[in-house]
Amino acid sequence: MSESSDPQSGLSNLLHEERRFPPSEEFAAAANYSEQAYEEAAADRLAFWETQARRLDWETEWSQVLDWSGAPFAKWFIGGRLNAAVNCVDRHVEAGRGEKVALHFEGEPGDTRTISYAELQRLVCQAANALTELGIGKGDRVAIYLPMLVEAVVSMLACARIGAIHSVIFGGFSAQAIYDRVLDADATLVITADGGYRRSSVFPLKPVVDEALAKFEGDTSPVRHVLVVKRGGNDIEMTEGRDLWWDEAVARQPEQHQPEFFDSETPLYILYTSGTTGKPKGILHTTGGYLTQTAYTHHAAFDLHADTDIYWCTADIGWVTGHSYIVYGPLANGATQVIYEGTPDTPHKGRFWELIEKYRVTILYTAPTAIRTFMKWGEEFPSKFDLSSLRVLGSVGEPINPEAWMWYRRVIGGDRAPVVDTWWQTETGAIMISPLPGVTAAKPGSAMRALPGVEADVVDDQGQPVPNGGGGLLVLTQPWPSMLRGIWGDDDRYRDTYWSRFAEQGYYFAGDGAKKDDDGDLWLLGRVDDVMNISGHRISTTEVESALVSHPSVAEAAVVGATDPTTGQAIVAFVILRGSAADGGAEMVTELRNHVAKEIGAIAKPRQILVVAELPKTRSGKIMRRLLRDVAEHRSIGDVTTLADSTVMDLISEGLAAKGGKAAED
Ligand code: PRX
């Protein structure tokens, strides 16, 4: 691995980055926001947010902007009433833009659908009527386990329209993960598909839902119905009385639906994300503040000009990026966008670029891991297509190394399109730190500074701001409209996780390390807790450890995130096997990798599993992951003086050396 292709390396070099990329004069002149936005927000932050909220349609305006008296539980736009789906769909139709394309859907096999805002309105109304017929009402939880289909967007909006709370579960997650989420949220309806397309074949979804629901004993399943979209054409079983085809239950419904308006703080959705324990956290978002900030940031960070731009966010709907920057932000802004079902290399490695040429995409939002993969594949793929329509490039999900940033700008953006590195989290709901493309002279690899209206800082362990040039922990120092309103069913965990570390200052602790450079611009350095970031997806070390020890052959397991040139981090597991299995061998390693995929999902499959005789522990029994990370990253091993038994690391290293320096890996 070369130094420069290592996304985590060379951090000390970051502060000496001299390159600056300001927007062209032409871009700056036409941009939605100028430097003035920072001044306005600084002068009166709450008034600034009110201006942003007024970009939406409210049935009743709020009487108070923010109530922080119940901190850390915020309320925004108190007394305001609105409907998120009406804001994302109906109001554009009413404004005479019904014929404007909302979604250009591109299926992996090459099938397409063009959905105008008027058509989207009909589809959402029909789905809302169907949900109502199935007994779903305000506050009920609906689990959505779908591929990237139009129906995924429609299902989310239909829930929002009737005040039901959606809980989208990424289509790559396992039956166990669905079971855990359905149970935690007490979901009464699951919306899924028979299967979806991935790498030219059909992967099953409904059978995984069946397996998940079969885990409920007796009649304890809260799920009354499963609504099934026909997509893959794969054979599935339908349980009489419980399961219904979307085509039958939804298509016959009236195309009109009278919306209700809900209080601004009405829950909109729950989205589960990994924390530092084995149990995922149900992040709760509500309506008015969330929609305000997703719409504003989509307008600001991407400089969206809804009448002319064609926007494409390559995220999956199962992650927060799909929620905020495929569904709520872009649709609230009346954008025209591309949604794509499949992978970037099917049927060929130029598929993304082909789609950009085909739809004349102007704004692209993707992840560093994808950019690094494209770099690896080579410039010949993008160079075959006309990418001259692109005018803004976004990055999200993990730190983007300067080399990838420069490649993105040069090869994809033709050295013309500004790159915006956007930092945020499932918990923040919307972008917090990002350049403004029409204002910022961006530095490769830096998310630059907080957007107007957002207050962020880097502090030391005591909560004191570090000076320029210093490093520390990223905090958010003021509440923001799209902030999480809690963890579903677990207020204590919400307080502990985010608000206890800097309780005295009242800061939100993001869990990320960051540096301020000499100009005060921010450089995100990755997680400081036991959360890994694999291809921009959060997975906790404990979650993977629990999955491993649930296998009968595993006595103990320790998991670390090791630097990986493509995926940012990769999962490396150290396991101690039981008795007869103790020798390990390639077969056992394969079995364990598959076991983790089955327990959590394919994204959590360890890149590497090392069978060891002992794990390094402190005298109090805590596993020293730092040392394991040294091994996983092929570094010389750091300070071992706090180990209970300092010979353990020698044993691990010797064991690895005996295997030719390479552990069992497939
Ligand atoms: O570590 C940060 C990293 O991703 C985490 C949030 O993950 P998740 O909730 O899954 O949301 C991902 C999409 C918003 C953060 O704590 N992260 C996200 N964006 C960036 C980033 N790290 C560095 N730079 C970014 N632009």
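## Concerning the overall build of the chain
(1) Moving on: Secondary structure summary: the chain contains 21 helices and 30 strands in total.
(2) Moving on: Once the C-alpha set of the chain is aligned to its principal axes, its extents read approximately 75 × 65 × 55 Å.
(3) Moving on: Expressed as a percentage of the 666 residues in the chain, the buried residues total 61%.
(4) Moving on: Considering only contacts within the chain whose residues lie at least 6 apart along the sequence, 71% involve residues at least 24 apart.

## Let's talk about the environment of Leu-268
(1) Moving on: Relative to the assigned elements, Leu-268 resides in strand 14 (residues 267-273).
(2) Moving on: Sequence spacing of Leu-268 and Gln-256 is 12 residues, and the spatial spacing of their C-alpha atoms is 22 Å.
(3) Moving on: In contact with Leu-268, other than residues within four places in its own chain, are Ala-84, Ala-160, Ala-164, Ile-165, His-166, His-285, Thr-286, Thr-287, Tyr-290 and Tyr-328.

## Structural notes on the pattern of salt bridges
(1) Moving on: For the structure shown, the criterion picks out 45 salt bridges.
(2) Moving on: When the shortest N-O distance is used, the salt bridge between Glu-50 and Arg-54 registers 3.8 Å.
(3) Moving on: Take Arg-54: its relative accessible area is 44%, and that puts it in the partly exposed class.
(4) Moving on: The partner of Lys-617 in a salt bridge is Glu-556, and the shortest N-O contact between them spans 2.4 Å. A residue pair is termed long-range when its members are at least 10 positions apart, and Lys-617 in the loop between strand 30 (608-611) and helix 20 (625-632) and Glu-556 in strand 28 (residues 554-564) qualify at 61 residues.

## Here we look at the pairing of strand 8 (residues 189-193)
(1) Moving on: Extensive coverage of strand 8 is indicated by the burial of five of its five residues.
(2) Moving on: The side-chain alternation of strand 8 yields two buried faces, one formed by Leu-189, Ile-191 and Ala-193 and the other by Val-190 and Thr-192.
(3) Moving on: Relative to strand 11 (residues 225-229), strand 8 runs parallel, the two being bridged by five bridges. Bridging across to strand 11, Val-190 finds its partner in Val-226.

## Structural notes on the packing of aromatic side chains
(1) Moving on: Evaluated as defined, the whole model comprises 36 aromatic pairs.
(2) Moving on: Relative to Trp-62, the ring of Trp-58 lies with its centre 4.9 Å away and its plane at 70 degrees, an arrangement referred to as edge-to-face. Comparing Trp-58 with Trp-62, the two get one shared label, buried.
(3) Moving on: Taken together, Trp-68, Phe-73, Trp-480, Tyr-494, Tyr-498, Trp-499 and Tyr-508 form an aromatic cluster joined through their ring pairs.
(4) Moving on: In this arrangement the basic side chain of Lys-230 is found over the ring face of Trp-245, its NZ or CZ atom lying 4.2 Å from the centre.
(5) Moving on: Positioned above the aromatic ring of Tyr-38 is the side chain of Arg-449, whose terminal nitrogen or guanidinium carbon lies 3.9 Å from the ring centre.

## Quick word on the sheet that holds strand 23 (residues 486-487)
(1) Moving on: Taken together, the eight strands give an open sheet; going across it, the order is 12-11-8-6-7-14-15-23, and neighbouring strands pair in mixed fashion. The outermost strands of the open sheet, each flanked by one partner alone, are strand 12 (243-245) and strand 23.
(2) Moving on: The pairing of strand 6 (residues 141-145) with strand 8 spans four bridges and is classified as parallel. By the bridge assignment, Ala-143 is partnered in strand 8 with Val-190.
(3) Moving on: Strands strand 6, strand 8 and strand 14 of the sheet are contacted by helix 8 (residues 175-185), whose axis makes an angle of about 140 degrees with strand 14.

## Digging into the site of the ligand
(1) Moving on: Looking at the ligand, there are 17 residues lining it, with Asp-421, Thr-422, Thr-426, Asp-512 and Arg-538 nearest.
(2) Moving on: Backbone polar atom of Thr-422 to a nitrogen atom of the ligand: 2.8 Å apart, as the coordinates give it.
(3) Moving on: Summarising the interface, the protein chains cover 96% of the accessible area of the ligand, which totals 540 Å² for the free molecule.
(4) Moving on: Contributing elements (two or more residues each) for the shell around the ligand: helix 12 (320-332), strand 20 (419-422) and strand 25 (522-527).
(5) Moving on: Its residues assigned to classes, the shell around the ligand comprises six nonpolar, six polar and five charged.

## Concerning the domain arrangement of the chain
(1) Moving on: With domains assigned, the chain is organised as domain 1 (7-16 + 529-658) and domain 2 (25-510).
(2) Moving on: Relative placement of domain 1 and domain 2: their C-alpha centres are 31 Å apart.
(3) Moving on: Facing 26 residues of domain 1, the contacting portion of domain 2 comprises 28 residues.
(4) Moving on: For the pairing of domain 1 and domain 2, the buried interface totals around 2000 Å² over both sides, and the portion due to carbon and sulfur atoms is 50%.
(5) Moving on: The tally of links from domain 1 across to domain 2 stands at one salt bridge.
(6) Moving on: Arg-538 is the partner of Glu-427 in a salt bridge, and the nearest nitrogen-oxygen pair spans 2.9 Å.

## Comments concerning the nonpolar core
The nonpolar side chains of a soluble globular protein tend to be buried, and buried together.
(1) Moving on: If you look at the biggest cluster of nonpolar residues, it comprises 164 residues, and the most contacted ones within it are Leu-120, Leu-157, Tyr-328 and Leu-548.
(2) Moving on: The leading source of residues in this core is helix 7 (residues 150-162), at 10 residues.
(3) Moving on: When residues are assigned to domains, this core turns out to be shared by domain 1 (7-16 + 529-658) and domain 2 (25-510), each giving three or more.
(4) Moving on: Ignoring sequence-local partners within four residues, the contact set of Leu-157 consists of Ala-85, Cys-88, Val-89, Leu-120, Val-124, Val-327, Tyr-328 and Leu-331.
(5) Moving on: Core analysis: the second largest hydrophobic core is formed by 31 residues, Phe-352, Phe-374, Trp-377 and Val-411 among them.

## Thoughts on unusual backbone geometry
If a residue is not glycine, its phi is most likely negative; likewise, a peptide bond is most likely trans.
(1) Moving on: Look at the link from Ala-71 to Pro-72: it is a cis peptide, with omega at 5 degrees.
(2) Moving on: If you trace the backbone, Pro-72 turns up in the loop between strand 1 (64-67) and strand 2 (75-78).
(3) Moving on: In this structure, the amide linkage connecting Thr-346 to the following residue, Pro-347, adopts the cis form with an omega of -5 degrees.
(4) Moving on: Here Pro-347 is to be found in the loop between strand 17 (336-340) and helix 13 (351-359).
(5) Moving on: One non-glycine residue, Ser-200, lies in the positive phi region at around 70 degrees.
(6) Moving on: For Arg-360, which is not glycine, the phi dihedral falls at a positive 55 degrees.
(7) Moving on: Locating Arg-360 in the fold gives a position in the loop between helix 13 and strand 18 (363-366).
(8) Moving on: In this structure Arg-360 comes out as partly exposed when scored by relative accessible area, which is 37%.

## Some words on the sheet that holds strand 4 (residues 101-106)
Two modes of strand pairing occur in sheets, parallel and antiparallel, and in both the strands are linked by backbone hydrogen bonds.
(1) Moving on: With mixed pairing, seven strands are arranged side by side in an open sheet as 5-4-17-16-18-19-20. Taken across any chain shown, the strands that pair with only one partner, and hence form the sheet edges, are strand 5 (112-116) and strand 20. Averaged over all pairs of adjacent strands, the angle between strand axes in this sheet comes to 20 degrees, irrespective of strand direction.
(2) Moving on: Pairing analysis gives five bridges linking strand 4 to strand 5, with the strands arranged antiparallel. Each residue of the ladder has a partner; that of Leu-103, found in strand 5, is Ile-115.

## Quick look at the packing of helix 11 (residues 288-301) against helix 12
(1) Moving on: Between helix 11 and helix 12, the least distance of the axes is 8 Å, while the angle of their chain directions is 85 degrees. Judged by the angle between their axes, helix 11 and helix 12 are roughly perpendicular. Residues Tyr-290, Leu-291, Thr-294, Ala-295, Thr-297 and His-298 of helix 11 form the contact with helix 12, whose participating residues are His-323, Ser-324, Tyr-325, Tyr-328, Gly-329, Pro-330 and Ala-332.
(2) Moving on: Split by residue class, the contact of helix 11 with helix 12 holds seven nonpolar, six polar and no charged.

Calculation notes
- Residues numbered from 1 in each chain as written.
- Predicted model: local features only at pLDDT ≥ 70, side-chain atom pairs only at ≥ 80, totals over all residues.
- Heavy atoms only, no water.
- Helix = DSSP H or I, 4+ residues; strand = E, 2+ residues; numbered from the N terminus.
- Buried < 20%, exposed > 50% of the residue type's maximum accessible area, 1.4 Å probe, protein only.
- Contact = heavy atoms within 4.5 Å.
- Salt bridge = Lys/Arg side-chain N within 4 Å of Asp/Glu carboxyl O.
- Pairing = 2+ DSSP bridges.
- Phe/Tyr/Trp six-rings, centres within 6.5 Å; stacked < 30°, edge-to-face > 60°.
- Lys NZ or Arg CZ within 6 Å of the ring centre and 35° of its normal.
- Axes fitted to C-alpha atoms, helices over the stretch in contact; angles between N-to-C directions.
- Near = heavy atom within 4 Å.
- Polar contact = N/O pair within 3.5 Å; in protein donor to acceptor, adjacent residues only side chain to side chain.
- Areas by Shrake-Rupley, 256 points an atom, 1.4 Å probe, with all protein chains shown as cover.
- Nonpolar A, V, L, I, M, F, W, Y, C, P; charged D, E, K, R; others polar.
- Domains from an automatic or database assignment.
- Buried area = accessible area lost by both parts, 1.4 Å probe.
- Core = buried A, V, L, I, M, F, W, Y, C linked by side-chain atoms within 4.5 Å.
- Parallel < 35°, antiparallel > 145°, perpendicular 65-115°, else oblique.

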